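Structural overview
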Amino acid sequence: MMPFSKCPVCSGEIMEKQVEEIIYSGNNAVIISVKAEVCLKCGERLYSPEVIQKMESIKVKLEKNEIDEFKKIGQFYKAA
Ligand SMILES: [Zn+2]
């Protein structure tokens with residue numbers, strides 16, 4: 001499934017994990033839980049093309065404000 005068997009950054013061991021990614025657009029963000037290959041040494045995350053595509057489509061929806069399918073879980077605040 002993955003083109004890598006070792007981390008392309010540091011050649012460390014990689015392991016499939018369920019990770020949370022935050023996709024930002026402007027002041028909005030969507031949290032998504034996806035599978036990624038994570039380097040045990042440097043923490044580099046590698047995604048399959050399907051996951052990348054999914055994250056891209058979420059970003060596009062967020063940019064267009066098509067957020068009906070997303071569940072609101074909280075709000076972002078900014079401190080000075
Ligand atoms: Zn690495």
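Criteria and thresholds
Residues numbered from 1 in each chain as written. Predicted model: local features only at pLDDT ≥ 70, side-chain atom pairs only at ≥ 80, totals over all residues. Heavy atoms only, no water. Salt bridge = Lys/Arg side-chain N within 4 Å of Asp/Glu carboxyl O. Helix = DSSP H or I, 4+ residues; strand = E, 2+ residues; numbered from the N terminus. Buried < 20%, exposed > 50% of the residue type's maximum accessible area, 1.4 Å probe, protein only. Donors = N, O, S within 2.8 Å, 3.2 Å for Na, K, Ca; no water. Tetrahedral: all angles 85-135°; square planar, octahedral: opposite > 155°, others 65-115°. Pairing = 2+ DSSP bridges. Contact = heavy atoms within 4.5 Å. Axes fitted to C-alpha atoms, helices over the stretch in contact; angles between N-to-C directions. Core = buried A, V, L, I, M, F, W, Y, C linked by side-chain atoms within 4.5 Å.

This model, assessed by the stated rule, comprises four salt bridges. Salt-bridge contacts for Glu16 lead to Lys35; the nearest nitrogen and oxygen are separated by 3.9 Å. Of the two residues, Glu16 sits in strand β1 (residues 14-25) while Lys35 sits in strand β2 (residues 28-39), which places them 19 residues apart along the sequence. Of the residues examined, Glu16 reaches a relative accessible area of 38% and is grouped as partly exposed. We classify Lys35 as partly exposed; its relative accessible area is 46%.

This part takes up the coordination of the zinc ion. Ligation of the zinc ion by protein atoms is provided by Cys7 (SG), Cys10 (SG), Cys39 (SG) and Cys42 (SG), these donors lying 2.2 to 2.3 Å from the ion. Considering all four donor atoms around the zinc ion, angles at the metal cover 103 to 115° and the coordination shape is tetrahedral.

A word on the sheet that holds β2. Within a sheet, adjacent strands bond to each other through the backbone by hydrogen bonds, running parallel or antiparallel. Spatial ordering of the open sheet is given by β1-β2-β3, a layout of three strands whose pairing is antiparallel. On the outer flanks of this sheet lie β1 and β3 (45-46), each paired with one strand and no other. Two elements, β2 and β3, share two bridges in a ladder whose sense is antiparallel. For Val38, the partnering residue across the bridge sits in β3 and is Arg45. Each of β1 and β2 touches helix α1 (residues 49-63); the most contacted strand, β1, lies at about 15° to it.

A few words now on the nonpolar core. Side chains of nonpolar character tend, in soluble globular proteins, to be buried together. Counting residues in hydrophobic clusters, the biggest one holds 11 residues: Val19, Ile23, Val30, Ile32, Val34, Ala36, Val38, Val51, Met55, Ile58 and Leu62. Listed by contribution, the elements that provide at least two residues to this core are β1, β2 and α1. Take this core: its biggest share by element is five residues, from β2. With near-sequence residues (within four places) excluded, Met55 lies in contact with Glu21, Ile23 and Tyr47.

This paragraph deals with the environment of Phe76. Mapped onto the elements of the fold, Phe76 is located in the segment after α1. Separated by 10 residues in sequence, Phe76 and Glu66 place their C-alpha atoms 18 Å apart. Every residue in contact with Phe76, bar those within four places of it in the chain, is listed here: Tyr24, Asn27 and Ala29.

Function-wise, these values are silent; they only describe arrangement.
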